[in-house]
Amino acid sequence: MNAELQLSVAGGSSNAASLRWNREAAQAIHDLPFNDLLFRAQTIHRENFDPNRVQLSRLLSIKTGGCPEDCGYCSQSSHHQSGLKASKLMEVERVIAEARKGRDAGATRYCMGAAWRSPKERDMEAVVAMVEGVKALGMETCMTLGMLDLGQAQRLKQAGLDYYNHNIDTSERYYSEIISTRTFTERLDTLANVRDSGIKVCCGGIVGMGEEKADRIDMLVTLANLPEPPDSVPINMLIPIEGTPLCEAEPIEPIEFVRTIALARIMMPKSHVRLSAGRTAMSDEMQALCFFAGANSIFVGDTLLTAENPGEDKDGALFRRLGIKPFAREAQ
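Below you will find a few notes about this structure. Every value quoted in this text rests on a predicted model; they were computed, and no experiment measured them.

### Focus: the packing of aromatic side chains
Tallying each qualifying case throughout the model produces two aromatic pairs. Considering the side-chain rings of Y175 and F184, the 5.5 Å spacing of their centres and the 80° angle between planes classify their relative orientation as edge-to-face. Under the relative-accessibility criterion, F184 is labelled buried at 5%. Here the aromatic rings of F291 and F319 are separated by 6.0 Å at their centres, their planes lie at 80°, and the arrangement is edge-to-face.

### Digging into the environment of A288
Looking at the element boundaries, A288 is found in helix α11 (residues 284–292). The exposure class of A288 is partly exposed, given its relative accessible area of 22%. In sequence terms A288 and L318 are 30 residues apart; their C-alpha atoms lie 8.5 Å from each other.

### What to know about the pairing of strand β1 (residues 53–63)
Counting buried residues along β1, ten of its eleven residues qualify, which places the element largely inside the surrounding structure. Inspection of the sheet shows β1 paired to strand β12 (residues 325–326) by two bridges, in the parallel sense. In the sheet register, V54 faces β12, and the bridge partner there is P326. Pairing of β1 with strand β9 (residues 297–300) involves four bridges; the strand directions are parallel. Counterpart to Q55 in the pairing with β9 is S297. Where β1 meets strand β2 (residues 109–114), six bridges bridge the pair, whose relative direction is parallel. Bridged to L59 within β2 is C111.

About the cut-offs
- Residues numbered from 1 in each chain as written.
- Predicted model: local features only at pLDDT ≥ 70, side-chain atom pairs only at ≥ 80, totals over all residues.
- Heavy atoms only, no water.
- Phe/Tyr/Trp six-rings, centres within 6.5 Å; stacked < 30°, edge-to-face > 60°.
- Buried < 20%, exposed > 50% of the residue type's maximum accessible area, 1.4 Å probe, protein only.
- Helix = DSSP H or I, 4+ residues; strand = E, 2+ residues; numbered from the N terminus.
- Pairing = 2+ DSSP bridges.

Put into structure tokens, the structure is as follows:
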């Protein structure tokens, strides 16, 4: 390990994102005694964010099911027998009406997802109108539509899209165990098109899919070593869904999940680390540890695409107990 990486392990420097990470350096931090790891992560978190503020985002499925990809975790894949029926693309007016409800409930970012391999030209006009309509409400806009070419990314940027979500899901080594219809390189190509268009990147992954610890670390190394670390890093805990190949995957141990959150915060100090899917299976105490470890973004609302999500009453009660408040809209 070179001296600069040794410094990041020993000193917890908030310049961590400027380093070129490798697995050895990242694992040395990941494997610290738990209290030391959390102290390091909280210190870096406080250098870059208000530790008692969490960003609230809303997620709406604008086109559900029928996806031609075979992602092993996904109920929306046409390859799996999850019982989910495919729907058509939602009408623009309905999307904007749902976004208005989210804004009025305190969300500052609105995320729209479609179960596509990539958007077709016939759908782009409606997608652009959705972005423009949500942007006019004063919210940040985010979309996840599958793979994008550069022209599509530029068109979304012109419409006012702030963020594009395209997760790498796991390590490059383990990727082919989860997905066969799209390569790891193709995911990185989409991220490059998004970045080159001037849209901010939202990119993370899923843990608890049967991967090894090294795969979780390698996933974060890949993200931290992008030309620019993602502005948002969603860390999802697998929700096992009946009818998918991963429906019987062994759950990740809670402390190991918190370690993943802490490592993401240390390696990408200026990114929003989103405690994303899987919160219904987390205790309040586990979520509190994740916030202490540097998570500062969540999805609110009863549904997360097609999966359950904690209700707003439950989230509000937890926030009150922890003294956490949402980010103010004007601060975004």
